[in-house]
Amino acid sequence: MNFTRADFPGDFLFGASTSSYQIEGSALGGAGRSQWDDFAATPGNVIRAENGARACEHILRMDEDLDLLKQGNFDVYRFSTSWARVMPEGRGAVNAEGLDFYDRLVDGLLERGIKPALTLYHWELPSALLDLGGWRNRDIADWFADYTNIMMKRLGDRVWSVAPVNEPWCVTWLSHFLGIHAPGLRDIRATARAMHHVLLAHGRSIQAMRALGVKNLGAVCNFEYAQPADDSEEARKAAELYDGYYNRWFLGGIFKKEYPANVLEGLGPHMPKGWENDFDVIGTPVDWCGLNYYTRKLIAPDPDSAWPSHKEVEGPLPKTQMGWEIYPEGLEFFLKRTHAEYTKGLPLYVTENGLANDDHLINGEVQDDGRIDFLDQHLAATRRAAEAGVPVKGYFLWSLMDNYEWAVGYEKRFGIVHTDFETLKRTPKASFKALAQAIAR
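- As recorded in an unreviewed UniProt entry, the protein chain goes by the name Beta-glucosidase, listed as coming from Pannonibacter anstelovis.
- According to the UniProt record, the Catalytic activity (unreviewed entry) comment for the protein chain reads "Hydrolysis of terminal, non-reducing beta-D-glucosyl residues with release of beta-D-glucose."
- The heading Sequence similarities (unreviewed entry) in the UniProt record of the protein chain holds the text "Belongs to the glycosyl hydrolase 1 family."

**Thoughts on helix H14 (residues 369-387)**
So, step 1. Here H14 spans 27 Å end to end across 19 residues, near enough to the 27 Å set by a 1.5 Å rise per residue.
So, step 2. Three or more residues of H14 are buried, namely Arg371, Ile372, Phe374, Leu375, Asp376, His378, Leu379, Ala381, Thr382 and Ala385.
So, step 3. Elements in contact with the buried residues of H14: strand S1 (13-17), strand S6 (288-301), helix H13 (329-343), strand S8 (348-352), strand S9 (392-398) and helix H15 (430-438).

**Focus: the pairing of strand S4 (residues 161-165)**
So, step 1. Most of S4 is tucked away: five of the five residues are buried.
So, step 2. Pairing analysis gives four bridges linking strand S3 (residues 115-121) to S4, with the strands arranged parallel. Bridge pairing in S4 links Ala117 to Ser161.

**Points about the packing of aromatic side chains**
So, step 1. A complete count under the given rule lists 45 aromatic pairs for this structure.
So, step 2. An angle of 35 degrees between the planes, with centres 4.2 Å apart, marks the rings of Trp173 and Phe177 as tilted. Of this pair, Trp173 and Phe177 both sit in helix H8 (residues 168-177), four residues apart, which is roughly one turn of that helix.
So, step 3. When its relative accessible area of 1% is taken as the criterion, Trp173 is described as buried.
So, step 4. Given a relative accessible area of 17%, Phe177 falls into the buried group.

**A word on the environment of Ile206**
So, step 1. Position of Ile206 relative to the elements: it lies in helix H9 (residues 188-212).
So, step 2. Taking relative accessible area as the criterion, Ile206 reaches 0% and is therefore assigned buried.
So, step 3. Along the backbone, Ile206 and Val281 are 75 residues apart, and their C-alpha atoms lie at a distance of 8.9 Å.
So, step 4. Setting aside residues no more than four positions away along its own chain, Ile206 makes contact with Pro164, Leu217, Gly218, Thr284, Pro285 and Val286.

**Focus: helix H3 (residues 62-71)**
So, step 1. Those residues of H3 that fall on the buried side of the exposure criterion are Met62, Asp65, Leu66, Leu68 and Leu69. All buried residues of H3 fall inside an arc of 150 degrees around its axis, so they share one side.
So, step 2. Those residues of H3 that are buried are in contact with S1, strand S2 (76-80), helix H5 (96-111), strand S10 (417-419), strand S11 (426-428) and H15.
So, step 3. Downstream of H3 by a residue or two, Asn73 has a phi angle that is positive, lying close to 65 degrees.

Here is what the cut-offs are and how they apply
- Every chain's residues receive numbers from 1 upward, in the order its sequence appears when written.
- With the structure being a predicted model, the display of local features is reserved for residues of pLDDT at least 70 and the display and counting of side-chain atom pairs for 80 or more, all residues being used for whole-chain, interface and lining totals.
- Only hydrogens and water are set aside; all other atoms, that is, all heavy atoms of the structure, feed into the side-chain values.
- UniProt positions are given in the numbering used here, feature names are shortened, and annotations may be inferred rather than shown by experiment.
- The helix and strand labels rest on DSSP assignments: H or I over at least four residues marks a helix, E over at least two residues marks a strand, and numbering proceeds from the N terminus.
- One less than the number of residues in a helix, times 1.5 Å, gives the span that helix is expected to have.
- Think of it in three bands: residues with accessible area under 20% of the maximum for their type are buried, residues over 50% are exposed, and the middle band is partly exposed, with areas taken using a 1.4 Å probe on protein chains only.
- Any pair of residues with heavy atoms lying within 4.5 Å of one another is described as a contacting pair.
- Strand pairing requires that DSSP identify at least two bridges connecting the strands.
- By convention, a stacked pair of Phe, Tyr or Trp rings (six-membered ring in the case of Trp) has centres within 6.5 Å and planes under 30 degrees apart, an edge-to-face pair has planes over 60 apart, and any other such pair is tilted.
- Arc definition: directions from the helix axis to the C-beta atoms.

What follows is the structure, given as C-alpha cells:
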C-alpha cells in the first residue's frame, strides 16, 4: 500500500463492511423468509439459483470473523441486521434467537475495541411484508419504525452509529424499475412509490431513534459517476437525468427536502398522493452521511425507448470482475459535491468501496494485486478530498470476506478474506495483509 495511517487525520477511521443476508446464513437461527429467498427460488433471477441459505455461516462463525477484524487493525465494523431474522413475519412476534445473536455481535466487537456501525436494512424485506406491497405500500414507514424500535431498545446503548437503509437506489430503482434485484419488478408506478416510501421510512426510523436517545445517526446512499457518452446536448441531458435519479434524488430528499425536477418529469405522474407533504419527516436531521461508490457509467440517449430514454455505453477504462470501470476520480467528485451542495459540514464516510476480482487460492495464498491497487487509488482520492477541506472521517471497504453477491451468486469475489464456499474456510488475502500493515497503529 502507498500510504500508512499517519497519512490521514488522527481521527480518521478505517473499517470493513458486510451485510446480513450475504454472510449469515438465512436458513439458520430462526430467521423468517425474505424477498431474497423468493427471488433466488425463481428461475432466471440468480446465477445457478444460488441463495443465502448457507452463505458464509457467519451466524455460526462470528467469533472467528470478529477476530479477523481485530487482526486487520480495523477501527469500525459496518454490518447490517436482518429484519426477517428479528421479526420473521415483519410485524408482531420477535425471534429471540435473532436478537440474541446481534446482542452477542455488538458485545463481541466492543470486547475487541471495534466500533459497531449498524445498518438496519440491507435489502432483507420479510416475505410477509412483500405480500402486503412491500416498498409500494406507505404503511412500510410505520412497519420499519416498529422494527427500528425493537432493534434500538436492544442495541441502541452500545452501537457507535446507525443508518436506517443501505443504498435506497438499489432498494427502489434497481429492484422495481430494472428488476435486477428482489422483488424483481419492472414497473414505473411501483418505482415512484418505492423511491418515496423508502425515504419516508428512513425519516420515521431516524425520528424513532431520536426519541430513544440513540446517537450518531446517518444516511447511506450509493453513487455512480455519470458522464455523457459523447459531446451532444442529448447525451449531456441523458447523463444529467441518470445523475438525477441515481445520485441526487435521495440526497435531495434528505438534505434539501426536494426531488430533482428532471426526474419528476418522468416519475411525477406515478408518485403517491400527498408525497409533497412528507419532506419534514424525510428531512429529519442526521449526524453524518455515508457514500458507497464503485464506478462510473457512460450514458447515451436512446430516443426510441420509453422514459428515461437512455442507455449505458461500455467505457474504455480498466474494469473489475463485475465489468465496472475503475474511476477513483468519481469518489473524490462525490465527496466534494456532497459536502458543498448537500451536507455542508456534516462528517462524511466512505461506507463502501471495493472491487470484485477473479481471486484464486494457490498454495494457501491469494495474491490479489489488483485489489491492492484499487484500494490504493481510492484511498488516495479520499485523501485528496480531505486535503481540499471535505470533512471525510473514515473509509470502510467492501467487503471483509467473499460472500453471496446477490443476483450473481457466489462467483464474484469482493472480499479481502477468501471464502472457500465448500468448506467455508477463511483465508486472508494479500490485500488483507497489506492493509493491516498500512493501518497498524
